[in-house]
Amino acid sequence: MAYEVIIPAAGQGKRMGAGKNKLLLELKGIPVFIHTLQVFERDEKCDGIVLAISPQDEEEFNILLKEHQIKKIKAIVYGGKERQDSVYHGLEAAGSEGIILVHDAARPFIDVPTIHKSVHVANEYGAAVVAVPVKDTIKRVLYDEVVETVDRSSLWAIQTPQAFRISILKEAHQHAKDTGFLGTDEASLVERIQHPVKIVEGSYDNIKLTTKEDLYFAEAILKKMKG
Ligand code: CTP
Ligand code: MG
C-alpha cells in the first residue's frame with residue numbers, strides 16, 4: 001500500500017555539538033539526511049516526501065538533494081521552533097487521504113520491511129508506532145535517590161516511523177494546537193484525541209543520532225548493513 005512521508009529535518013542538532021545541523025554530518029561520505037531520504041527514494045511504495053528544513057540549511061540541502069538525485073520530494077517546507085511545529089507545517093503540504101508517515105531525518109537506519117509493517121498496521125487501525133522493548137532496568141529517581149523500579153515488561157522505547165491515517169494525524173495536530181499541548185512524538189498527540197495507537201516491533205539498529213557517541217554506533221551499523 002502506498003504512503004507519503006513527512007521528514008522533519010529542521011532541528012539544530014544542539015546535543016551533537018557539531019557546530020552545524022547534525023544531519024549534514026557524513027557517514028561513509030554521505031550526509032545523514034541523504035541516507036534517510038535514500039531509503040524512501042528507493043521504496044517503490046513511497047509516493048512522496050515532504051521535507052521540513054530550517055531556512056539556514058536551505059541552500060546546502062538543495063545542493064545535496066540534487067547531487068544525490070532525490071526525486072521524490074513533493075514539497076520542502078520550513079520547520080518551526082519545535083519538532084511538532086515542523087511536522088505541522090509538513091502536514092499542510094501533505095495529501096488529504098491515505099497513509100502518512102512521520103520519520104526523523106536523524107534515523108538513517110530504518111529498514112523497508114518495518115516501514116511497510118507500520119503502513120499496514122496504520123491502514124488497519126489508524127495509528128502505529130515503531131518501537132523496541134526497553135532493555136535497561138528503569139528506575140524512577142527523585143534528586144539522587146531511587147523511588148521505585150518500574151516494571152520493564154510493559155515498557156517500549158518509541159522510534160519513528162509513526163504511521164497514521166492522515167485524517168487522524170491532522171485532527172490530532174489541530175487538537176494539540178488548539179489546546180496548547182506539546183508532545184515529544186506524533187502518537188502522544190493522537191493519544192490525546194483518544195485514538196488507539198498500535199505498536200510495531202522494529203529494530204535496535206534504528207537509532208536516532210543525538211549525541212556524538214551515536215556516530216560510533218552509526219559507523220558500525222552502516223558497516224553491518226552495507227559492508
Ligand atoms: N526537528 C525538526 N524541527 C525542530 C526540531 C527537530 O524538524 N524544530 C527534527 C530534527 O532535525 C531531527 C528530528 O526532528 O531530524 C528529531 O529531533 P532531534 O533528534 O531532537 O534533533 P535536533 O532537534 O536537531 O537535536 P537537538 O535536540 O540536540 O538540538
Ligand atoms: Mg531536538
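Note that the coordinates shown come from a computational prediction; the quantities given were computed from them, not determined experimentally.

Engineer: Is there a simple way to think about the overall build of the protein in this case?
Structural biologist: Counting its secondary structure elements, the protein contains 7 helices and 11 strands. Taken against the 2.2 N^0.38 rule, which gives 17 Å for 227 residues, the C-alpha radius of gyration of the protein at 17 Å falls within 12% of a compact globule. When burial is assessed residue by residue, the protein has 36% of its 227 residues classed as buried. A separation threshold of at least 6 residues defines the contact pool for the protein, and within that pool the share at least 24 residues apart is 72%.

Engineer: Where do I start with the site of ligand 1 in this structure?
Structural biologist: Ligand 1 sits among 21 residues. The nearest are Pro 8, Gly 11, Lys 14, Arg 15 and Ser 86. Along the lines of polarity and charge, the residues of the shell around ligand 1 split into 7 nonpolar, 7 polar and 7 charged.

Engineer: Teacher, can you tell me more about helix 4 (residues 112–125) here?
Structural biologist: Because each turn of an α-helix spans 3.6 residues, side chains separated by three or four positions end up pointing in the same direction. Look at helix 4: 20 Å from first C-alpha to last across 14 residues, which is about the 20 Å you get at 1.5 Å a residue. Among the residues making up helix 4, those that are buried are Ile 115, Ser 118, Val 119, Val 121 and Ala 122. At its buried positions, helix 4 is contacted by strand 1 (3–8), strand 6 (99–102), strand 7 (127–133), strand 10 (156–165) and strand 11 (198–201). Gly 126 sits one or two positions beyond helix 4 and adopts a positive phi of about 100°.

Engineer: What's the story with the sheet that holds strand 1 in this structure? I'm lost.
Structural biologist: Where strands meet in a sheet, backbone hydrogen bonds hold them as pairs that are either parallel or antiparallel. Strand order in the open sheet made by the 7 strands is 5-4-1-6-10-7-11, with mixed pairing throughout. Lying at the two open borders of the sheet, with one neighbouring strand each, are strand 5 (73–78) and strand 11. Neighbouring strand axes in the sheet, compared pairwise and without regard to direction, differ in orientation by 25° on average.

Engineer: Help me understand the nonpolar core, please; the structure alone is not making it clear to me.
Structural biologist: One recurring pattern in soluble globular proteins is that nonpolar side chains are buried together. Ile 6, Ile 7, Ala 9 and Val 190 are the most contacted members of the largest nonpolar core, which has 54 residues in total. Considering every element that reaches this core, the biggest residue donor is strand 4 (residues 46–53), with 6 residues. Apart from residues lying up to four places away in sequence, Val 190 is in contact with Ala 127, Phe 164, Ile 168, Leu 169, Ala 172, His 195 and Val 197.

Here is what the cut-offs are and how they apply
Counting of residues starts from 1 at the beginning of each chain's written sequence and follows it residue by residue. All chains are assigned letters beginning with A, and all ligands numbers beginning with 1, in the order in which they are written. Given that this is a predicted model, residues contribute local features only at a pLDDT of at least 70 and side-chain atom pairs are listed and counted only at 80 or more, while totals for whole chains, interfaces and linings are drawn from all residues. Helix numbering and strand numbering both begin at the N terminus, where a helix is a DSSP run of H or I of at least 4 residues and a strand a DSSP run of E of at least 2. Radius of gyration: over C-alpha atoms. The globule rule applied is 2.2 Å multiplied by the number of residues raised to the 0.38 power. Residue burial is a threshold on neighbouring C-beta atoms within 10 Å of the residue's own C-beta, all placed from the backbone, with 20 or more meaning buried, 12 or fewer meaning exposed, and counts in between meaning partly exposed. A pair of residues counts as a contact when their C-beta atoms, built from backbone coordinates, are separated by no more than 7 Å. The rule is simple: place the C-beta atom from the backbone, and if it lies within 6 Å of a molecule or strand, the residue is near it. Residue type decides the class: Asp, Glu, Lys and Arg count as charged, Ala, Val, Leu, Ile, Met, Phe, Trp, Tyr, Cys and Pro as nonpolar, and the leftover types, Gly among them, as polar. Helix span, expected: 1.5 Å multiplied by one less than the number of residues in the helix. The criterion for strand pairing is that DSSP finds at least two bridges linking the strands in question. Helix axes are fitted to C-alpha atoms over the stretch in contact, other axes to C-alpha atoms as well, and angles between N-to-C directions run from 0 to 180 degrees. When buried Ala, Val, Leu, Ile, Met, Phe, Trp, Tyr and Cys residues are joined through C-beta atoms within 7 Å, the set is termed a nonpolar core.

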